[in-house]
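These are the residues of each chain, in order.
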Amino acid sequence: MGKIIINGGNRLTGEISVSGAKNAILPILAATVIGGKESTIFNVPKLRDVEVMEEILLSLGSRIRRIDKMMWVDSKPIDSIRIPEELVGEMRSSIILMGAMLGRCGEIIISYPGGCEIGHRPIDLHLKALRELGVEIEESHGLLHCKARELKGAEIQLDYPSVGATENIMLAAVKAKGTTIIRNAAREPEIVDLQEYLNRAGARVNGAGTSVIIIEGVDRLTDVTHTTMSDRIVAGTYMIASAMTNGEVIINNIVTEHLQAIIAKLREAGCLVYSNNSSLKVVNTNGIRPIEMIQTLPYPGFPTDMQAQMMALLSIANGTSIISETVFESRFKHAEELIRMGANIKIFGKVAVIKGVKELTGVKLNAKDLRGGACLVLAGLAAMGTTEIDDIYHIERGYEDLHIRLQELGADIKVVK
Ligand code: EPZ
């Protein structure tokens, strides 16, 4: 299982490069199923969630080769329609295989993905949209059996700009008969990356990054080569690591445009942020100012996946800040761990009031979820004394060699297996 041990107080300085985006590569790996062709994908991060998706693709019959950050997938041999329950349980975002498998062979059997640490995570928007594309869905004993004799293009109005539902519809619509329009689509950059992969494979998708996406169905796809975009949430996490340790850190291999909401909030907190298109530097020399209000919103609003990390920063600000978590219903579990370090945080439903304290104190902690775990690492970097974080498998789902990157920047951090 392993634990992270941090002796806090070191100032982080230097340069690091960001890996490929977890939330881009997962839908792209699902998309490799559709065409029965070969995909060569670069900048693939080494993460537990990517390994789970690989295991699912192998269980369906795909062939996969991996050399460092390059992955080759041949989905021609796929001969199964059932996704292993234990793998869906480990990674609920495998639900986007529904659209891909329906596009490939018109059928899939997959277990209902449970909720997780941050909310009950319903998939009603996915199911409603797939039915509009002509999919028949039977739900029994926790299993979803989806079948479509013929997928037909449809005009779909999403009640909420759900990232996963947008991706599922795109994947199902790629080879549907006719045109599909998704309105109130999610606008996250990872959806633009998925569109780029699909179009390189011969699909006809337009509008990703806006709230209206149009997919014209095609008969077949081709072999494809693609380079995954870099991970904006990993980049944002390192930005906050610099800010919390009075550091001076340069982050390379990013798309600065994707980080504007985070840059704006760090500047509001008194940090200096210098940037060009693909790199930025975060400098903090005179402490952290409180932020009156941070509201998490769908992109391009402030990302919910950065909420926990921002709470760590604001717990040592010189004043009171407010965070409103509007996307998930229970994404404050990290607050109780920060309080054990001496933070002064009060939770009122989906609102957190953070009264900054002068210093946090290292204690034994438990990671409760992926971004909450990253939050505790950040707090440990700034805390006085030694912080021990257990259940670090949560963190390993979405951060590649986090402790090694932080060691390179001067942190006194190690993993004890
Ligand atoms: C994606 O999850 C990301 N995961 C999440 O990142 C991210 O937090 C989230 O988008 C929001 O940006 C991946 O891309 C693998 P949603 P997803 O559907 O698609 C509700 C991380 O830390 N909803 O946009 O599951 C839902 O309950 C992870 O990397 C419905 O009500 O997010 C939530 O409140 C965590 N019905 C809101 O919409 C539905 O059918 C946003 O969910 C679908 C969603």
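What you see is a predicted model; the values in this text were computed from it and never measured.

Student: Before we move on, could you go through the pattern of salt bridges and cite the residues and values that matter?
Tutor: Counting across every chain of the model gives 28 salt bridges. Across the pair Asp68 and Lys46 runs a salt bridge, and its minimum N-O distance is 2.7 Å. Within this pair, whereas Asp68 is found in the loop between β4 (63–67) and β5 (70–74), its partner Lys46 is found in the loop between β3 (38–42) and α2 (48–60), the two being separated by 22 residues in sequence. The class for Asp68 is partly exposed, based on a relative accessible area of 46%. A salt bridge links Arg149 to Glu136, with the shortest nitrogen-to-oxygen separation between them at 3.6 Å. Of this pair, Arg149 sits in the loop between β8 (143–147) and β9 (155–157) while Glu136 sits in strand β7 (residues 136–140); the two residues are 13 residues apart in sequence, bridging distant segments of the chain. Taking relative accessible area as the criterion, Glu136 reaches 47% and is therefore assigned partly exposed. Look at the salt bridges and you will find they share partners, linking Arg48, Glu51, Glu55 and Glu90 into a network.

Student: Which residues make up the site of the ligand, and what values go with them?
Tutor: Close to the ligand lie 22 residues, the nearest being Asp124, Leu125, Ser162, Asp305 and Val327. Contacts to the ligand include Lys22, whose side-chain N or O atom sits 3.0 Å from an oxygen atom. Protein chains shield 86% of the accessible area of the ligand, which is 830 Å² for the free molecule. For the shell around the ligand, the secondary structure elements donating two or more residues are α1 (22–35), α5 (124–132), α6 (163–173) and α12 (370–382). At three residues, α5 tops the list of elements feeding residues into the shell around the ligand.

Student: If you had to explain the domain arrangement of the protein to someone new, which residues and values would you point to?
Tutor: When the domains of the protein are assigned, the result is domain 1 (3–18 + 230–416) and domain 2 (22–227). Between the C-alpha centres of domain 1 and domain 2 the distance comes to 30 Å. Contact residues are listed per partner, giving 25 residues for domain 1 and 20 residues for domain 2. Surface buried jointly by domain 1 and domain 2 totals about 1,900 Å² across both partners, of which 47% is contributed by carbon and sulfur atoms. It is Tyr299, Arg397 and Glu400 in domain 1 that bury the most area against domain 2; as a group they hold 33% of the surface buried on that side. In this structure, the connection of domain 1 to domain 2 is made through three salt bridges. Linking Arg232 and Glu190 is a salt bridge whose minimum nitrogen-to-oxygen distance equals 2.7 Å.

What counts and how
Residues numbered from 1 in each chain as written. Predicted model: local features only at pLDDT ≥ 70, side-chain atom pairs only at ≥ 80, totals over all residues. Heavy atoms only, no water. Salt bridge = Lys/Arg side-chain N within 4 Å of Asp/Glu carboxyl O. Helix = DSSP H or I, 4+ residues; strand = E, 2+ residues; numbered from the N terminus. Buried < 20%, exposed > 50% of the residue type's maximum accessible area, 1.4 Å probe, protein only. Near = heavy atom within 4 Å. Polar contact = N/O pair within 3.5 Å; in protein donor to acceptor, adjacent residues only side chain to side chain. Areas by Shrake-Rupley, 256 points an atom, 1.4 Å probe, with all protein chains shown as cover. Domains from an automatic or database assignment. Contact = heavy atoms within 4.5 Å. Buried area = accessible area lost by both parts, 1.4 Å probe.

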